[in-house]
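Notes for the structure review
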Amino acid sequence: MRADDKWRSVLAPARRLGVAGAGLRQLGVLGILAAGACGGGQTASSSPVTDGGSDVVVVTGDSGAGSEASVEGGAESGPADSGGVRDAAVDGEGGPGPGGQHPIAAGFFGMHTNTYGNGFPFGAERLWDSGTAWSQIQTAATTYDFSSVQSRVTDANKYGFDLLYTFGRTPPFLAKKSTVTCDYGNDGQCDPPDDVAADGTGTDAHVKAFWTQFMATMCTGTAPGKTCGPIKYFETWNEPNADQFWSGTYAQLARMSADATTIIKSQCSSCTVLTPGVACGGDGYHANGDAGQCDLWVAAYLQAWQKIGPPLADAGAWHPYPAHTNVSPSPFPETNVSSWDACTAGDNASCTCKAAFVPNKECRYAVVDQIKVLRAAFDAGGLAGKPMLATEGSWNEIPNLPDPDLQAAFLARWYALQAGAGVEAAFWYAEDSPTNNGGWGRLLTTPEAGAAGPNPAGTAYEQLFTWLVGGSVGACAPSGTVWSCPTTDKGGAKGLLLWDTAESCANGTCSTHSQPVASSFTTVSDLAGNAAPIAGGAVSIGA
């Protein structure tokens, strides 16, 4: 999200997940999403959770199909310093598999990182805020320096993960400069190039030259069968529904995307081109009158692209951040709140955030609803049935959600809901985000100097990766305030993920309640890696 490419965190040597991370792999267990390691009082639950249907949880039991070893295994880790885990066999696309569940490969767990070796496993990395933007590669009219991209490619090959390359930041000497305030300074990096008119006409020679050079430099083989090493995805801009990243029109960016797609696909037919990653949660602002609301922006942009003609993008991209306006803490992925929530009955739609009035200028889509509205926008815009990728997201800055246990709960629910919805990949921002830049989604302890290990959210990430990779997840659904997602581990054992939106945490203590579960479930584990047999036919669940 931020434009700071010069992170300065000093990080600890790598911890190899499931090897040095004691207690993270629980034999025969997928688990329950309970908040951190907190304890709390218990109250009786009103209705039991069963092991079938859509309103279900992840506890696991005896399934015959999976041994303890197969449940424990997850995906193989890369070298000890990596955190990378590539799994090309299953990437979560093509719709749900048997039982309506979506397969979860390591590539579903995407990450933004500054320094490799933090110990967190992931199957894909997004290159943004990484020194790899257009303006950082093309430094003069005919001068291109791809060394920053090549460095990331070398590490991805070494550690075994895929890459998503994000195109953005117009070189100032090529920009049609506006008066818009940009996240990178007012030098044109958020403006369109000077050879594409507002209606999308013009030569677009600058963009064409960049992508021609990129494919010649970073990819090998013979067109159209070239391969680009670990670079699997190409995202055609960052958060264009906000002036701070893009001041141009729908038609200009559609033209640039269409030309990029034509060049990329003509050289590498197996490469996956994404739409620009629109920011959701909060709305952007455009001085030119274009929509800031993510789904409205996508609809208009794809309409402009369709006028240009094929090829269209291979997949849709967006950034699922919390839905809120001027409130703290950040709401959870199931929740939409705003500063207008205090409005009394009888106030008009412009100052309420109730479901009947969403969206309005002060209300945003919760993450779970962003998936639905953007699926509709992508389908209507020519991308029906094509994958969706969450190319950036987290709880936002640490001050927006300061409680460590709630951070862990947010992360787990963010990933679980998207896994259950069939999202192909979800890229967390960011494992080592520095605290002097807001600590966006930071998964490491602070202070940053010295030996930084996983904080509760980091441990939750590791646990969730271990539970889900190699298995599958079905659609998550609420029953009252209790949410659940059916799972199957890679050995065939059935389970349920379970949490309660009515529970919360504060100052190291989390509220819980006792939730009845079916007798077929025998073991429960939490986000801290604690596992226990189920006693009395019920488990304690929290946020």
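Residues numbered from 1 in each chain as written. Predicted model: local features only at pLDDT ≥ 70, side-chain atom pairs only at ≥ 80, totals over all residues. Heavy atoms only, no water.

Moving on, we get to the sheet that holds strand β11 (residues 316–320). A sheet is described by the order of its strands in space; here nine strands give the open sequence β9-β8-β7-β4-β3-β13-β12-β11-β10, paired in parallel fashion. Strands with a single pairing partner mark the edges of an open sheet, and in this sheet they are β9 (272–274) and β10 (278–280). Strand-to-strand twist in this sheet, taken as the mean axis angle between neighbours without regard to direction, amounts to 25°. Summarising the sheet, strand β4 (residues 124–127) and strand β7 (residues 162–166) pair through four bridges and their orientation is parallel. What sits directly across from alanine 124, in β7, is aspartate 162. Here helix α4 (residues 205–218) sits on the sheet in contact with β7 and β8 (231–235), set at roughly 175° to β8. (Pairing = 2+ DSSP bridges. Helix = DSSP H or I, 4+ residues; strand = E, 2+ residues; numbered from the N terminus. Axes fitted to C-alpha atoms, helices over the stretch in contact; angles between N-to-C directions. Contact = heavy atoms within 4.5 Å.)

This part is about the packing of helix α6 (residues 294–308) against helix α7 (residues 367–383). Where α6 meets α7, the closest approach of the two axes is 9 Å, and the angle between their N-to-C directions is 10°. Our classification of the angle between α6 and α7 gives roughly parallel. Of the residues in α7, those touching α6 at Cys294, Asp295, Val298, Leu302 and Gln306 are Val373, Leu374, Ala377, Phe378, Ala380, Gly381, Gly382 and Leu383. Broken down by class, the residue content of the contact of α6 with α7 amounts to nine nonpolar, three polar and one charged. (Parallel < 35°, antiparallel > 145°, perpendicular 65-115°, else oblique. Nonpolar A, V, L, I, M, F, W, Y, C, P; charged D, E, K, R; others polar.)

Next up on the list: the state of the cysteines. Counting across every chain of the model gives six disulfides. Residue pairing for cysteine 182: its cysteine sulfur links by disulfide to cysteine 190, the two sulfurs lying 1.9 Å apart. In this structure, the disulfide formed by cysteine 182 and cysteine 190 twists by about 60° around the S-S bond and is classed as right-handed. Grouping residues by exposure puts cysteine 182 and cysteine 190 together as buried. The partner cysteine of cysteine 268 in its disulfide is cysteine 271, sulfur to sulfur 2.1 Å. For the disulfide bridge between cysteine 268 and cysteine 271, the dihedral angle about the S-S bond is near 85°, and by the sign convention the bridge is right-handed. By relative accessible area, which is 4% here, cysteine 271 ends up buried. Ordering the disulfide-forming cysteines of the protein by sequence position, one finds them joined as 1-2, 3-4, 5-6, 7-8, 9-10, 11-12. (Disulfide = S-S within 2.5 Å. Buried < 20%, exposed > 50% of the residue type's maximum accessible area, 1.4 Å probe, protein only.)

It is worth spelling out unusual backbone geometry at this point. Following alanine 223, the chain continues to proline 224 via a peptide bond in cis, the omega torsion being 0°. Here the residue pair tyrosine 429 and alanine 430 is connected by a cis peptide bond, since its omega of 0° sits within 30 degrees of zero. Here alanine 430 shows up in the loop between β13 (425–428) and α9 (456–468). Phi angles above zero are rare outside glycine, and aspartate 204 is one such case at about 55°. Secondary-structure assignment places aspartate 204 in the loop between β7 and α4. You will see that asparagine 396, though not glycine, has its phi angle at about 90°, which is positive. For asparagine 396, the location among the structural elements is in the loop between β12 (388–393) and α8 (404–420).

What sets the pattern is the α-helix's 3.6 residues per turn: residues three or four places apart point alike. The end-to-end C-alpha distance of helix α5 (residues 250–267) is 26 Å, a good match for the 26 Å that 18 residues give at a rise of 1.5 Å each. The element α5 is largely enclosed, with a buried count of 14 among its 18 residues. (Expected span 1.5 Å × (residues − 1).)

So, about the environment of threonine 222. For threonine 222, the location among the structural elements is in the loop between α4 and β8. The class of threonine 222 is exposed, set by a relative accessible area of 65%. C-alpha separation for the pair threonine 222 and cysteine 268, spaced 46 residues apart in sequence, amounts to 8.7 Å.

Here we come to the confidence of the model for the protein. Per-residue confidence for the protein gives a mean pLDDT of 80, with 75% of residues at or over 70. Across residues 62–82 the pLDDT falls below 50, and counting only partners more than four positions away or on other chains, this stretch makes 51 contacts in the model. The low-confidence segment residues 85–94, where pLDDT is below 50, has 30 contacts with residues more than four positions distant or belonging to other chains. (pLDDT = per-residue confidence, 0-100.)

The next thing to look at is the packing of α5 against α6. Direction vectors running N to C along α5 and α6 enclose 55°, while the axes themselves pass 8 Å from each other. With respect to α6, the element α5 is oriented oblique. Judged by the sense of rotation from one axis to the other, the crossing of α5 with α6 is right-handed. Facing Tyr250, Ala251, Leu253, Ala254, Arg255, Ser257, Ala258 and Thr261 of α5, the residues of α6 in contact are Trp297, Ala300, Tyr301, Ala304, Trp305 and Ile308. A breakdown of the residues in the contact of α5 with α6 according to their chemical character gives 11 nonpolar, two polar and one charged. (Left-handed = near helix turned anticlockwise from the far one by under 90°.)

As for its position among the elements, aspartate 290 is in the loop between β10 and α6. Among buried Asp, Glu, Lys and Arg side chains, aspartate 290 stands out as unpaired, with lysine 307 the closest opposite charge at 12 Å. Among the polar contacts listed, one links the side chain of aspartate 290 to the backbone nitrogen of tyrosine 250, at a separation of 3.4 Å. Every residue in contact with aspartate 290, bar those within four places of it in the chain, is listed here: Gly248, Thr249 and Tyr250. (Lys, Arg positive; Asp, Glu negative; His and termini not counted. Salt bridge = Lys/Arg side-chain N within 4 Å of Asp/Glu carboxyl O. Polar contact = N/O pair within 3.5 Å; in protein donor to acceptor, adjacent residues only side chain to side chain.)

Quick look at the pairing of β4 now. Put simply, side chains in a regular strand alternate between the two faces of the sheet. Going residue by residue along β4, you find Ala124 and Arg126 tucked away on one face and Glu125 and Leu127 tucked away on the opposite face as well. Taken together, the two bridges between strand β3 (residues 109–111) and β4 define a ladder with parallel strand orientation. Each residue of the ladder has a partner; that of glycine 110, found in β4, is alanine 124.

Now for α7. Here α7 contains 17 residues, and its C-alpha end-to-end distance of 20 Å is more than 12% below the 24 Å for a straight helix at 1.5 Å per residue. Turning to α7, its buried residues are Val367, Val368, Gln370, Ile371, Leu374, Ala377, Phe378, Gly381 and Leu383. Elements that come into contact with the buried residues of α7 comprise β10, α6, β11, β12, α8 and β16 (482–488). In the stretch just after α7, glycine 385 is the one whose phi turns positive, near 80°.

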